[in-house]
Amino acid sequence: METGVIDLASLDGAFDLQSTLESGQSYLWDRPDGRMYERDAAHGGDAWYQTVVPPLDGVSDESAVVRVRQTDGALEWESNLDAVPLLTHLLRLDDDLDAIVSEMPDEPLVRRAYEAYPGMRLVRDPPFGCLVSFICSAQMRVSRIFGMQSRLRESYGERVEFDGETYFAYPTPERLAEATEDELRDLSLGYRAPYVRRTAEMVATGEATPAEARDRDYEDARDFLTTFVGVGDKVADCVLLFSLDYLEAVPLDTWIRSAIEEHYPDCDRGNYADTSRAIRERLGGRYAGYTQTYVFHYLRSGGE
């Protein structure tokens, strides 16, 4: 086992692990204490988090178990390999958060959201797991989305032994494509079961992969992702923002639509594409997705 510490003072800007991983951005991490997504206003905790990371282009050629927690001014980690490149990638430790925050609009709602959750960063999840997670997100609370992903891992993910414990990797597209709709419905996926199975089949056969959205213009990338079964504009925006580095993406979910209605009514243009353009500009342009995530977590946790 390898271990290490990342000095948070070396980052450009603050960092908070709990709000980053428990703000509805990612469903691919877990807490060994069983309290993942137990409370809405997640921030400032020192719990351990764990995940199994598949090989990532340009980051690591190996699968890895990664455990991490935040203590006084540092991230402590344990893994089967050097986890610093993985954590830098997955938790966006390479973002200049100070510069990003400086470009957020100076508006009351945005200020309140950032002051409530300083140091929250976006995640950079593996694309396939992110895609399936958000296909499962429709009309679901974050705790239930997380539960679905946990059951998928335990039912179809590879068992990985590390430091005397058993972990489950996220299922490969090939493995999920072999599952039947009935089997997936038994994991409480409901009407999402055929969407997950067909999307997994598309990726497994090479018909399309979410990573192919990269390097396209933003709206073209969003349109491309909607070719996957069960993916509309909002889910596509989530995948672009939380996996594929499109930091301008603003998923128009219930909370953001409520923010538009109450705080930015002039941005409501009657359809997704035009409303998306207007709210992206209002929330800071190239970093609008960061602003959106602060506002989302703040409103979902009872802020006003």
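What you are looking at is a predicted structure, and each value in this text was computed from that prediction instead of being measured.

What counts and how
- Residues numbered from 1 in each chain as written.
- Predicted model: local features only at pLDDT ≥ 70, side-chain atom pairs only at ≥ 80, totals over all residues.
- Heavy atoms only, no water.
- Axes fitted to C-alpha atoms, helices over the stretch in contact; angles between N-to-C directions.
- Helix = DSSP H or I, 4+ residues; strand = E, 2+ residues; numbered from the N terminus.
- Parallel < 35°, antiparallel > 145°, perpendicular 65-115°, else oblique.
- Left-handed = near helix turned anticlockwise from the far one by under 90°.
- Contact = heavy atoms within 4.5 Å.
- Nonpolar A, V, L, I, M, F, W, Y, C, P; charged D, E, K, R; others polar.
- Buried < 20%, exposed > 50% of the residue type's maximum accessible area, 1.4 Å probe, protein only.

Peer 1: Go over the packing of helix 5 (residues 127–135) against helix 9 (residues 193–205) with me, naming the residues and quoting the values.
Peer 2: Where helix 5 meets helix 9, the axes come as close as 10 Å, and the angle between the chain directions of the two elements is 160°. One finds that helix 5 runs roughly antiparallel with respect to helix 9. Classified by chirality, the crossing of helix 9 by helix 5 is right-handed. Every residue of helix 9 that contacts helix 5 at Phe128, Leu131, Val132 and Ile135 is listed here: Tyr195, Val196, Thr199, Ala200 and Val203. Looking at the contact of helix 5 with helix 9 residue by residue, the class counts come to 8 nonpolar, 1 polar and no charged.

Peer 1: Just give me the short version of unusual backbone geometry, but keep the residues and values in it.
Peer 2: Positive phi, close to 55°, is recorded for arginine 92, a residue that is not glycine. Residue position: arginine 92 is located in the loop between helix 2 (84–90) and helix 3 (97–102). For arginine 92, a relative accessible area of 4% translates into the label buried. Of note in this structure, aspartate 245 is not a glycine but carries a positive phi near 75°. Relative to the elements of secondary structure, aspartate 245 occurs in the loop between helix 11 (233–242) and helix 12 (254–263). Here aspartate 245 falls in the partly exposed class, since its relative accessible area comes to 35%.

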